[in-house]
Amino acid sequence: MKLRPLPPLLGLAVVALLGSVSPASLLAQEAAEEPGITVRLQGGAPAGENVVDEALLRYLASRGDRAAAEAEIARLKELHPDWEPPSDLFGGLPKVDEGPLWQLYESGDYAAVRSRIEALRKERPDWTPPQKLVTLMAVNEARAASEAAAAAGDWASVVALFDAQPAAATCEHVDNLWRLAEAQQRTGAGEAALATYARIITTCPDADHRFATLQKAKLLVPPAELERLVGLEKARTGSPERLAKLETLTARPTAPAGSRPAGPDFSRIYKPGASVGDARAVADAVIRRRDAAAARKIGWIYQAAGDDAAAAPWFQRSLDWAPGEEAARGLAMSLAALGKLPELDALAARYPEVVTQARGGQVAVAVDRGDLATVLKLTRQTGKPAELLMRSWTYMKLLRPTEAQLSFARVMAAPDAMPLQRDEAVYGLIRAQIAQHLFQDAAQSIERYGLPPDQYNEVQAELLSQEIQVAFRQKDYRRTVALLEKRRDFALPDRGLEIQEAWARYHTGEVHTARRIFTRLDRIVSTEETEAGLAQVSRKLGPGW
């Protein structure tokens, strides 16, 4: 879809500036029109009939939109013939293009991202990098470093890493919490490990994550402590099915009769609840015997424990000794979880369907844990509608609506997209257009593609809110009231819109209606805005009101 630039018209420029009109600007406007009200805006002069509101002009200049700025200058000079525009409007530095930083981030080259950030800071001391970018890099670097340390058995480094970066180990990044707890247990800090597991169980909102936490704890903590953790989870759930599922974690199987075999007992890795310890006990014998089935089983055990770095070599051994789809599936899942795309692509040459399924599954996992970098990495070359949708919404979360719009458009054009996927893509495309202030494009998209009732109401209410801001700023109060009434067909007004309605009705002669609105709002929460409105209405109505 062709993206049209925002036209340099006053109305749309106002929309771009005003998601909503601030209470301070409302007061300033009323003070300019009504004697007896003096309001001082932060950092400005007393509001009055000679004060020129340059906020919109400076906003347009900051964007470098000279055509729209000149239109605003002409409007202000018409209202205030003696006013002269500021001389420093376009003297500021141009906006820093942060797009290359996100592209480097998406490629996983964090060193290049930091190098570019330092270069930009030297060029522009006034600029600061996006906080979301900095946070995502820190979390993903902590994840990668902790995975590498765990794979090398350096558990002390894992603990030290998360002690230094506690923000990387949160419910949002629960895999890091799992790794921290295992590292604490393996370094002898059993109490700390239990505290970490208990923190997940008592504070993290995702029930599946909490159950997986208990499964991982079962491999490492004593049975009594596991029962205590399971008790914490039972306190959070009332579902009979979930309680029954929790009971399976603490069930203790009866030990088999008979003497212990002299060699490694291979049957131990095939029993329900087989642990990493069971896998390690038979690992050397599996390699000596080149047992492909046992190697696959060990791979699944490590994968269930969340250790894909340890699982991948076992799946690879099984694939080398006896090629087959099961081993390929396990290897593909581990490679995708580790973000090893070159190895995954090489495997796809032999097992394309297996790799496609594994990649899609890991994309969903990355979405679930908020690993946005991995989502973009795994979907970089995808053409599957479901994965494109996940990629599109990830762009929206990263505040990159232009790329999101293009990605949503790909879903809409995909021949294999399901109707519900196309509907979601249409909604996403319209949201991306609104995020870019392409309101005319959004309105045309609604007319062209349509939306389900709930989404249609939501989007129409937002677009009408923008029209209301334009009408109010242009002092077209009758249109403001008409638009507010039209918007009620889609959503109830918020407090800011109701204050605008009160002033609009005041200016159209509906003073008693304005008084009722100001009175109701003041009774809910009395603020400077409602008090000023009531005072002005009382002056207008005269004594006795």
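Keep in mind it's a predicted model, so treat the numbers as computed, not measured. (Residues numbered from 1 in each chain as written. Predicted model: local features only at pLDDT ≥ 70, side-chain atom pairs only at ≥ 80, totals over all residues. Heavy atoms only, no water.)

Trainee: Hey, could you run me through the overall build of the protein chain in this one?
Mentor: Looking only at helices and strands, the protein chain features 29 helices and zero strands. Each of the 545 residues in the protein chain was classed as buried or not, and the buried ones make up 46%. Taking as baseline every contact in the protein chain between residues at least 6 positions apart, the subset at least 24 positions apart corresponds to 56%. Approximately 27,400 Å² of the protein chain is accessible, and the part contributed by carbon and sulfur atoms is 54%. (Helix = DSSP H or I, 4+ residues; strand = E, 2+ residues; numbered from the N terminus. Buried < 20%, exposed > 50% of the residue type's maximum accessible area, 1.4 Å probe, protein only. Contact = heavy atoms within 4.5 Å. Areas by Shrake-Rupley, 256 points an atom, 1.4 Å probe, with all protein chains shown as cover.)

Trainee: Would you mind showing me how to read the pattern of salt bridges here?
Mentor: Note on pairing: side chains with opposite charge can pair once their charged atoms come close. Under the defined criterion, the tally for this structure stands at 24 salt bridges. Taking the shortest distance from any N to any O, the salt bridge between Asp 175 and Arg 179 comes out at 3.7 Å. Linking Asp 175 with Arg 179, this pair stays in helix H9 (residues 174-186), spanning four residues, or about one helical turn. The buried category is assigned to Asp 175, whose relative accessible area is 7%. As a salt-bridge pair, Arg 505 and Glu 485 come within 2.9 Å of each other at their nearest N and O atoms. Of this pair, Arg 505 sits in helix H27 (residues 495-507) while Glu 485 sits in helix H26 (residues 477-487), and the two are 20 residues apart along the sequence. Judged by its relative accessible area of 8%, Arg 505 falls in the buried class. For Glu 485, a relative accessible area of 42% puts it in the partly exposed group. (Salt bridge = Lys/Arg side-chain N within 4 Å of Asp/Glu carboxyl O.)

Trainee: Looking at this structure, I do not really get the side chain of Ser 318. What am I missing?
Mentor: Structurally, Ser 318 is set in helix H16 (residues 308-321). Overall, the relative accessible area of 0% leaves Ser 318 in the buried class. Reaching out from Ser 318, the side chain makes a polar contact with the backbone oxygen of Ala 292 at a distance of 2.9 Å. Residues within four places of Ser 318 in sequence aside, it is in contact with Ala 292, Ala 295, Arg 296, Pro 323 and Ala 327. (Polar contact = N/O pair within 3.5 Å; in protein donor to acceptor, adjacent residues only side chain to side chain.)

Trainee: Looking at this structure, I do not really get the side chain of Arg 143. What am I missing?
Mentor: Inspection of the secondary structure assignment puts Arg 143 in helix H7 (residues 131-151). Of note is the side chain of Arg 143, whose polar atom sits 3.0 Å from the side chain of Asn 140. Contacts of Arg 143, omitting those with residues within four sequence positions, involve His 173, Asp 175, Asn 176, Arg 179, Arg 369 and Asp 371.

Trainee: Can you walk me through the environment of Glu 531 in this structure?
Mentor: Within the secondary structure, Glu 531 is located in helix H29 (residues 528-541). Residue Glu 531 is classed as partly exposed on the basis of its relative accessible area of 46%. With 12 residues separating them in the primary sequence, Glu 531 and Thr 519 have C-alpha atoms 8.8 Å apart. When sequence neighbours within four positions are dropped, the list of residues in contact with Glu 531 reads Asp 522 and Ser 526.

Trainee: Mind showing me how you'd approach the packing of helix H5 (residues 99-107) against H7 here?
Mentor: Helix packing geometry: the angle between the two helix axes and the distance between the axes. At a minimum axis separation of 11 Å, H5 and H7 run at an interaxial angle of 15°. It follows that H5 is roughly parallel to H7 by the angle criterion. As for the relative orientation of H5 and H7, their crossing is left-handed in sense. Touching Leu 101, Trp 102 and Tyr 105 of H5 are Lys 132, Leu 133, Leu 136, Met 137 and Asn 140, all from H7. When the residues that make up the contact of H5 with H7 are grouped by side-chain class, the tally is six nonpolar, one polar and one charged. (Axes fitted to C-alpha atoms, helices over the stretch in contact; angles between N-to-C directions. Parallel < 35°, antiparallel > 145°, perpendicular 65-115°, else oblique. Left-handed = near helix turned anticlockwise from the far one by under 90°. Nonpolar A, V, L, I, M, F, W, Y, C, P; charged D, E, K, R; others polar.)

Trainee: Looking at this model, I keep getting lost on the packing of H7 against H9. Mind explaining?
Mentor: Put simply, H7 and H9 touch, their axes get as near as 10 Å, and they point 35° apart. H7 and H9 meet at a crossing whose hand is left-handed. Across from Val 139, Arg 143, Ser 146, Glu 147 and Ala 150 in H7, the residues of H9 making contact are Asp 175, Asn 176 and Arg 179. Considering only residue class, the contact of H7 with H9 consists of two nonpolar, two polar and four charged.

Trainee: Would you take a moment to explain the packing of aromatic side chains for this structure?
Mentor: Each pair of aromatic rings is reported with the distance of its centres and the angle of its planes. Taken as a whole and judged by the stated rule, the model has nine aromatic pairs. Ring geometry for Trp 393 versus Phe 408: centroids 4.8 Å apart, planes at 70°, classification edge-to-face. Here Trp 393, found in helix H21 (residues 385-397), pairs with Phe 408, found in helix H22 (residues 401-413); they are 15 residues apart in sequence, far enough to count as distant. Given a relative accessible area of 0%, Phe 408 falls into the buried group. Each ring, one from Tyr 456 and one from Phe 490, has its centre 5.8 Å from the other, and the planes form 70°; the classification is edge-to-face. (Phe/Tyr/Trp six-rings, centres within 6.5 Å; stacked < 30°, edge-to-face > 60°.)

Trainee: For this particular structure, what's the right way to read the environment of Val 113?
Mentor: Counting through the fold element by element, Val 113 comes out in helix H6 (residues 110-123). Separated by 13 residues in sequence, Val 113 and Pro 100 have C-alpha atoms that sit 8.6 Å apart. If sequence neighbours within four positions are ignored, Val 113 has contacts with Leu 101, Leu 104, Tyr 105, Leu 133 and Met 137.

Trainee: Could you clarify how one ought to interpret the state of the cysteines in this entry?
Mentor: One covalent bond between the sulfur atoms of two cysteine residues makes up a disulfide. Under the criterion given, the structure shown has one disulfide. What pairs with Cys 171 in a disulfide is Cys 204, and their sulfur atoms sit 2.0 Å apart. The sign of the S-S torsion, about -85°, decides the handedness of the disulfide formed by Cys 171 and Cys 204: left-handed. Note that Cys 171 is positioned in the loop between helix H8 (155-164) and H9 and Cys 204 in the loop between helix H10 (190-203) and helix H11 (207-218), a separation of 33 residues in sequence. Given a relative accessible area of 3%, Cys 204 falls into the buried group. (Disulfide = S-S within 2.5 Å.)

Trainee: What is the right way to look at helix H24 (residues 439-449) in this model?
Mentor: Each α-helix turn comprises 3.6 residues. Residues three or four places apart therefore point the same way. Here H24 has its buried residues at Phe 439, Asp 441, Ala 442, Ser 445 and Ile 446. Angular distribution of buried residues about the axis of H24 spans 155°; they occupy a single face of the element. When the buried face of H24 is taken as reference, the exposed residues oriented beyond 90 degrees from it are Glu 447 and Arg 448. (Arc of directions from axis to C-beta.)

Trainee: Mind showing me how you'd approach the confidence of the model for the protein chain here?
Mentor: Caution is warranted with low-pLDDT regions, since their predicted coordinates should not be read in detail. Per-residue confidence for the protein chain gives a mean pLDDT of 80, with 85% of residues at or over 70. Here residues 1-50 is modelled with pLDDT under 50, and outside its nearest four sequence neighbours on either side it reaches 102 contacts, counting other chains as well. (pLDDT = per-residue confidence, 0-100.)

Trainee: Hey, could you run me through helix H28 (residues 511-524) in this one?
Mentor: Between its terminal C-alpha atoms H28 stretches 20 Å, which fits the 20 Å expected from 14 residues at 1.5 Å a residue. Among all positions of H28, only Val 511, Ala 514, Ile 517, Phe 518, Thr 519, Leu 521 and Asp 522 are buried. Packed against the buried residues of H28 are H27 and H29. (Expected span 1.5 Å × (residues − 1).)

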